[in-house]
2 protein chains.
Amino acid sequence: MLTTKRHEIILALLKKRKTASIHELSEHTGASISTIRRDLEKLEQEEKLKRVHGGASQITNNRYEPELEEKQGLNEPAKAEIGKAAAELIEEGDCLFIDAGTTTQQILPHLEDKNVVVVTNAYHFVTTLLGLGVEVYLTGGRAKAKTGALIGVQAEETLQSFRFDKSFIGMNGIHAKHGYTTPDPEEARVKRLAMDLSKRAFVLMDDSKFQQVSFSKVGDIRDAEIITNREEDSILSEIQKTTRVKVVKI
Amino acid sequence: MLTTKRHEIILALLKKRKTASIHELSEHTGASISTIRRDLEKLEQEEKLKRVHGGASQITNNRYEPELEEKQGLNEPAKAEIGKAAAELIEEGDCLFIDAGTTTQQILPHLEDKNVVVVTNAYHFVTTLLGLGVEVYLTGGRAKAKTGALIGVQAEETLQSFRFDKSFIGMNGIHAKHGYTTPDPEEARVKRLAMDLSKRAFVLMDDSKFQQVSFSKVGDIRDAEIITNREEDSILSEIQKTTRVKVVKI
DNA sequence: TCATTTTCAATCATTTTCATTCAAAAGGAA
DNA sequence: TTCCTTTTGAATGAAAATGATTGAAAATGA
C-alpha cells in the first residue's frame, strides 16, 4: 500500500467520523500500529488532523479562531495596558470607531455601561459589546478570516455615513519616515478613512511595531496620535517631534 | 473509547439538557465514575462546562447568547430539516443572501466547501461560514442583540450593492390574507429588500408561524416561495394557490 | 442538631498508548 | 548485481489513562 493512499484513507475516515482510534486505522488500512503513528505524526505536522491520545481527531473547522487566538497571546500584557489607556480617553456620549485587531480589542472590557456609540469593522466584537450594554454599528464588507476585519467597498461606504469623536486604529508598522503601514491594501483604506472621519484618531501599537514597514501605507505620523508601551529612546523622540504620543508602562 | 470522543459525548449531552449527573454520563459513555470525574475536571479547566455537586452543567457565556440559544431549542428538529431542504436548492456558484435567524442558521452546516458567496446580515454567522470555507460579505448596520441581525439604513445601503441568485429569509408570521410579517419594522425593510434583490426568494418557516400576524408587513404571499414542515391542511392549500411551497417531513 | 447517604479528591495498581530505537524489507541509482 | 536511502514492523521503557479503593467533605432528612 502506498503511503499517500494510506494518508488519504485516514483523512477520509476522519472526515466521516470526528475521531478514529489507532487500532481502527491500523485495521482499516492493513498497516501496523507503528506505521499509523508515523502517519498521524506527519499529517499532524501538515495540520490535516489533530492527534489525541489513542488516535486522531478532525481538525477544528475554525480556520479562523486559532490564528487570532495565537496572535492574542503575543505581547498580551502590553496590549492590555494600551487598551486600558485608550479607554481612559473616552468620554460620555462619544461616538467611537474601533478598528479590528487584538490590541484594539483590549479596549472593549472598559466600555461596560458607558454611554457611547461604537462603530467597528470587527464582526467578532459585536457580541461582546452588546453584552456590555453598548450600542453597536457594524460596517459592511467582505469578512477576512485572518484579521477578523470587514473590508472592501461596502466597508468604506458604510463608514462614510458616520463621523467619529475618536477612532482607535490597530497598525502593523510605524516608521519615522514611512509613517503607518499595514499588509493589506484594503484594510489600509478602511483605516485611513476612519482616521479621516474622526476628530481625533489614535493608533494603538505595542513596541514591537516600531521601525517596521509593511506593504500598504495608511498615513503619515502626524495623521494620528499614538498610544504605545514603547520606552523612551531616540526613535520615539524622533516620532514625538511630529505627533502626540501617550506612553504606558507595564 | 477515545478520551476525546468521550469529551465530545459529554459536551453534546450537556448541550441538549442543561445538566447531567455523573452517573448518567458514566452510563452514557460506558466509562467509570472516576474517569468521568477526571473528564469533568479537565473540561471545566477548558471552560467548556461547570462542575456542580453530583455532575456538571452548561456554561452560560455572556448576557447575550442565552436569549438566542433559548430560541434555538424551540422546534429544533423542524428547523434543522427546513434548513437542510433549503440547502438542497443551492447550486454551484450561487450568490446567496441568508437572513439572520435560528431557522436560516440551520442552512450553514450544509455549505461546507460549496463554491458559493454568502451575504448575510447576521454577524454571528461569519465565523462559522469562514470556518466552512465560504466567502462571506456582511451587511453593515446597527447590531440588534435580540435577533442577532444588522438593521437600519447602513444595512439597506450595503444590500443595494448586491444581487442574489437566491435569498433565504426567516419570518415570524405568515397569513393567507396579511402575507409575511415580523415584529421589527427595520428588520422588515431589510427582509423585503433582500427579497426584491433576488431571482428567487425563499421564506423559511416552521409550522408554528402559520396564521400568525406580526406588527410589520414584509410582503405578500406571492413575493416568495416557502419552505416549511407544515402538514397538509386547508390553510396550506390556500397558500399553495398563490405560491410554491416545499414541504419537508420530520 | 445528628445520623445517614451521596459525592468528592487523592492514591494505587493495572492497562493502554507513546516515543525511541533497531533491524529487516523495499525500492532507486550506478 | 551492489550500495544507499527510505519505509516498515517489532521491541523497549516511559508516560498517560483507567478503574477501584479509601477517608474526607458535602448534601439530605429526620
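Residues numbered from 1 in each chain as written. Chains lettered and ligands numbered in written order. Predicted model: local features only at pLDDT ≥ 70, side-chain atom pairs only at ≥ 80, totals over all residues. Heavy atoms only, no water.

Participant: Would you mind showing me how to read the overall build of chain A here?
Facilitator: Helix and strand counts for chain A stand at 10 helices and 15 strands. Relative to the compact-globule value of 18 Å for 250 residues, chain A shows a C-alpha radius of gyration of 23 Å, a clear excess of over 25%. Seen through its principal axes, chain A has C-alpha atoms that stretch 70 × 40 × 35 Å. Taking all 250 residues of chain A together, 52% fall into the buried category. The long-range fraction of contacts in chain A, counting pairs at least 24 apart against all pairs at least 6 apart in sequence, stands at 57%. Accessible area for chain A stands at about 11,900 Å²; split by element, carbon and sulfur atoms hold 47% of it. Seen as two clouds, the 36 positive and the 38 negative side-chain charges of chain A have centres 5 Å apart. (Helix = DSSP H or I, 4+ residues; strand = E, 2+ residues; numbered from the N terminus. Rg over C-alpha atoms; globule rule 2.2 N^0.38 Å. Buried < 20%, exposed > 50% of the residue type's maximum accessible area, 1.4 Å probe, protein only. Contact = heavy atoms within 4.5 Å. Areas by Shrake-Rupley, 256 points an atom, 1.4 Å probe, with all protein chains shown as cover. Lys, Arg positive; Asp, Glu negative; His and termini not counted. Charge placed at Lys NZ, Arg CZ, Asp CG, Glu CD.)

Participant: How should I be thinking about the pairing of strand 11 (residues 179–182) of chain A in this particular structure?
Facilitator: Within a regular beta strand, the side chains point alternately toward one face of the sheet and then the other, so they alternate between its two faces. Residue and element names in this part refer to chain A. Summarising the sheet, strand 10 (residues 173–175) and strand 11 pair through three bridges and their orientation is antiparallel. Its bridge partner being in strand 11, H175 is matched across the sheet by G179. Here strand 10 hands over to strand 11 after three residues, the two strands then running antiparallel side by side. In terms of strand pairing, strand 11 meets strand 13 (residues 216–219) through three bridges, oriented antiparallel. By the bridge assignment for strand 13, T182 is matched with S216. (Pairing = 2+ DSSP bridges.)

Participant: Would you take a moment to explain the protein's contact with DNA strand D for this structure?
Facilitator: With respect to spatial proximity, 15 residues lie near DNA strand D, and among them A:T35, A:R38, B:R6, B:T35 and B:R38 are the closest. In the environment of DNA strand D, a phosphate oxygen lies 2.9 Å from a nitrogen or oxygen atom belonging to the side chain of A:R6. One of the side-chain N or O atoms of B:S32 is found 3.0 Å from a phosphate oxygen in DNA strand D. When residues of the surface near DNA strand D are traced back to their parent elements, those giving at least two are helix 1 (3–16) and helix 3 (33–45) of chain A together with helix 1 (3–16) and helix 3 (33–45) of chain B. Taken together, the residues of the surface near DNA strand D sort by class into one nonpolar, 10 polar and four charged. (Near = heavy atom within 4 Å. Polar contact = N/O pair within 3.5 Å; in protein donor to acceptor, adjacent residues only side chain to side chain. Nonpolar A, V, L, I, M, F, W, Y, C, P; charged D, E, K, R; others polar.)

Participant: Could you clarify how one ought to interpret the packing of helix 1 of chain B against helix 2 (residues 22–29) of chain B in this entry?
Facilitator: When two helices pack together, you describe them by how their axes are tilted relative to each other and by the distance separating the axes. Residues and elements named next belong to chain B. Direction vectors running N to C along helix 1 and helix 2 enclose 130°, while the axes themselves pass 10 Å from each other. As the angle between them shows, helix 1 and helix 2 are arranged oblique. Judged by the twist between their axes, the crossing of helix 1 over helix 2 is right-handed. Between helix 1, through R6, I9, I10 and L13, and helix 2, the contact on the second element is made entirely by L25, H28 and T29. Tallied by class, the residues present in the contact of helix 1 with helix 2 amount to four nonpolar, two polar and one charged. (Axes fitted to C-alpha atoms, helices over the stretch in contact; angles between N-to-C directions. Parallel < 35°, antiparallel > 145°, perpendicular 65-115°, else oblique. Left-handed = near helix turned anticlockwise from the far one by under 90°.)

Participant: Explain the protein's contact with DNA strand C to me, please; I cannot follow it from the model alone.
Facilitator: Taken together, 17 residues sit near DNA strand C, with A:H23, A:R37, A:G54, B:R37 and B:G54 positioned nearest. Within 4 Å of the protein, the contacting atoms of DNA strand C are drawn from sugar and phosphate to the extent of 85%. A:G54 has a polar backbone atom sitting 2.6 Å from a phosphate oxygen of DNA strand C. Its residues assigned to classes, the surface near DNA strand C shows four nonpolar, eight polar and five charged.

Participant: Explanation requested: the interface of chain A and chain B in the structure shown.
Facilitator: Accessible area lost when the parts come together is the quantity often used to give the size of an interface. Taken together, the contact pairs 38 residues of chain A with 33 residues of chain B. By the criterion of area lost to chain B, the three top residues of chain A are A:T127, A:L130 and A:Q154, representing 17% of everything that side buries. Linking chain A to chain B there are one salt bridge. Ionic pairing is found between B:E8 and A:K18, a salt bridge with its closest N-O pair at 3.6 Å. At the boundary of chain A with chain B, the tally comes to six residue pairs in polar contact (both at pLDDT 80 or more). Elements that contribute at least two residues to the side of chain A that touches chain B include exactly strand 1 (19–21), strand 3 (55–58), helix 4 (64–73), helix 7 (126–131), strand 6 (135–138), strand 7 (141–144) and helix 8 (153–160) of chain A. The class makeup of the residues in the side of chain A that touches chain B is 14 nonpolar, 16 polar and eight charged. Pairing of strand 7 of chain A with strand 6 (residues 135–138) of chain B involves two bridges; the strand directions are antiparallel. For A:R142, the partnering residue across the bridge sits in strand 6 of chain B and is B:Y137. (Buried area = accessible area lost by both parts, 1.4 Å probe. Salt bridge = Lys/Arg side-chain N within 4 Å of Asp/Glu carboxyl O.)

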